[in-house]
Amino acid sequence: MRTLYRRLLALLPRIGVEVTDLGPGTAVVSRRGGPYRVTGADKDTWVLRRTRDAPRSEVVEGGAVRLGDTGVLLMDAPDRQDERGLQLAAAAYLCAQHVAAMLELYGVNCVFDVGANTGQYAKGLRRHGYTGRIVSFEPTSQAFARLEAAASDDPDWRVYRCGLGREETTAEIHTGWKTMNSLLPASDYGKGRYGRFAKPDTEEIRVRRLAEVMDEALDGLADPRPYLKMDTQGYDLEVFAGAGDRIAEFAGMQSEVAVLKLYEGSPGMGEAVAAYEAAGFGITGMYPVTREAGTGRVIEFDCVLMRADAAPTA
């Protein structure tokens with residue numbers, strides 16, 4: 001069976017994209033005014049989008065699924081496709097597009113990337129056209145080393161090795177959970193869903209308050225317009241509380257909110273959203289992050305919120 005990579009290369013010439021295959025894993029792709037561009041949704045998914053004013057083209061076949069009026073979602077082998085994977089890949093892509101649009105609309109010039117892991121979110125911001133400052137926070141040693149390397153060639157991407165929370169302290173974080181390392185223990189539901197939660201490894205980390213790091217992070221920006229992204233595996237509301245009154249300085253924010261709790265003591269979606277709305281933020285988008293295969297229930301959403309009074313006036 002041909003890999004998705006090979007199938008994608010075979011598809012592109014049909015829509016006016018020239019491809020020179022240089023061997024395994026390597027190809028030169030040139031558009032020469034062609035009407036399409038390709039962006040990644042995840043490691044097994046690409047989105048092929050028609051550029052503005054370009055004519056429609058019937059390119060959907062095999063592992064491709066239409067995405068709205070202007071896009072085509074290219075999935076790995078059709079016999080391995082399922083509705084859940086398609087929905088989550090599309091949601092991740094649409095969330096990234098929406099965030100990029102909000103950052104531009106609100107004139108955001110500094111993104112606080114809390115729970116950065118190895119820099120996936122920040123790299124996604126750059127791919128989607130954000131050119132402002134990024135300040136990433138990652139407390140675990142192994143992930144931070146990779147984050148630091150990822151940011152090394154980007155002069156406006158700063159990294160801090162610490163977690164953020166309600167107060168300045170030290171704490172033990174659960175490690176070995178890949179992108180799901182958490183300051184909170186796994187819930188019974190989480191343990192039943194993820195075998196990785198059985199690993200007992202921990203690491204001592206420094207925890208700081210968001211309010212205490214903001215001046216340093218925003219230093220040099222004449223008119224700071226910050227945005228807060230949190231992905232801390234059940235700890236987002238603690239990070240939010242650590243901003244204190246300075247949360248009012250943020251034009252918008254993004255939080256992973258839980259419908260089904262993976263971590264003991266984490267807030268439910270209703271509690272988290274109520275706290276964000278009470279601070280003046282309003283929801284502009286909700287995108288499912290994970291879902292149960294058997295029931296279809298959403299486990300977590302990426303919730304994007306903006307402060308309406310921070311929107312530019314016409």
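Structural data are supplied above this passage.
Residues numbered from 1 in each chain as written. Predicted model: local features only at pLDDT ≥ 70, side-chain atom pairs only at ≥ 80, totals over all residues. Heavy atoms only, no water.

## A closer look at the nonpolar core
Definition in use: Think of a nonpolar core as a cluster: buried Ala, Val, Leu, Ile, Met, Phe, Trp, Tyr and Cys residues, connected wherever their side-chain atoms sit within 4.5 Å. Think of it in three bands: with a 1.4 Å probe and only protein chains considered, a residue is buried below 20% of the maximum accessible area for its type, exposed above 50%, and partly exposed in between. The contact criterion used throughout is that any non-hydrogen atoms of two residues lie within 4.5 Å.
Ranked by internal contacts, the top residues of the largest apolar core, which has 46 residues, are F112, F137, L210, L228 and Y276. Sequence-distant contacts of Y276, defined by excluding residues within four places in its chain, comprise M230, D236, L237, F240, M253, S255, V257, F281 and L305. Listed in part, the 24 residues of the second largest apolar core include V99, Y121, A122 and M306.

## Regarding the packing of aromatic side chains
Keep this limit in mind: Aromatic pairs are defined between Phe, Tyr and Trp rings, using the six-membered ring for Trp, whenever the two ring centres lie within 6.5 Å; interplanar angles under 30 degrees are classed as stacked, those over 60 as edge-to-face, and all others as tilted. The secondary structure listing takes helices from DSSP runs of H or I that are at least 4 residues long and strands from runs of E that are at least 2 residues long, numbered from the N terminus.
All told, the structure shown has nine aromatic pairs when counted by the stated rule. With 6.3 Å between their ring centres and 10° between their planes, F112 and F137 make a pair best called stacked. With F112 in strand β7 (residues 110-114) and F137 in strand β8 (residues 133-137), this residue pair connects regions lying 25 residues apart in the sequence. The two residues F112 and F137 agree in class, both being buried. With 4.9 Å between their ring centres and 65° between their planes, F240 and Y276 make a pair best called edge-to-face.

## A word on the sheet that holds strand β10 (residues 163-165)
The condition is simple: Two strands are said to pair when DSSP picks up at least two bridges between them. Between the N-to-C directions of two axes lies an angle of 0 to 180 degrees, each axis being a line fitted to C-alpha atoms and, for a helix, fitted only over the stretch in contact.
Here we have three strands laid out as an open sheet, ordered β10-β12-β11, and mixed in their pairing. Both edges of this open sheet fall to β10 and β11 (169-174), since each of them pairs with a single strand only. Put simply, the sheet's adjacent strands are angled 50° from each other on average, direction ignored. The sheet contact formed by β10 and strand β12 (residues 202-209) spans three bridges and is parallel. Bridging from a neighbouring strand, G163 pairs with V207 of β12. Packing of helix α6 (residues 210-218) onto the sheet brings it into contact with β10 and β12, and relative to β12 it is tilted by some 70°.

In short, shape yes, function no, at least from these values alone.
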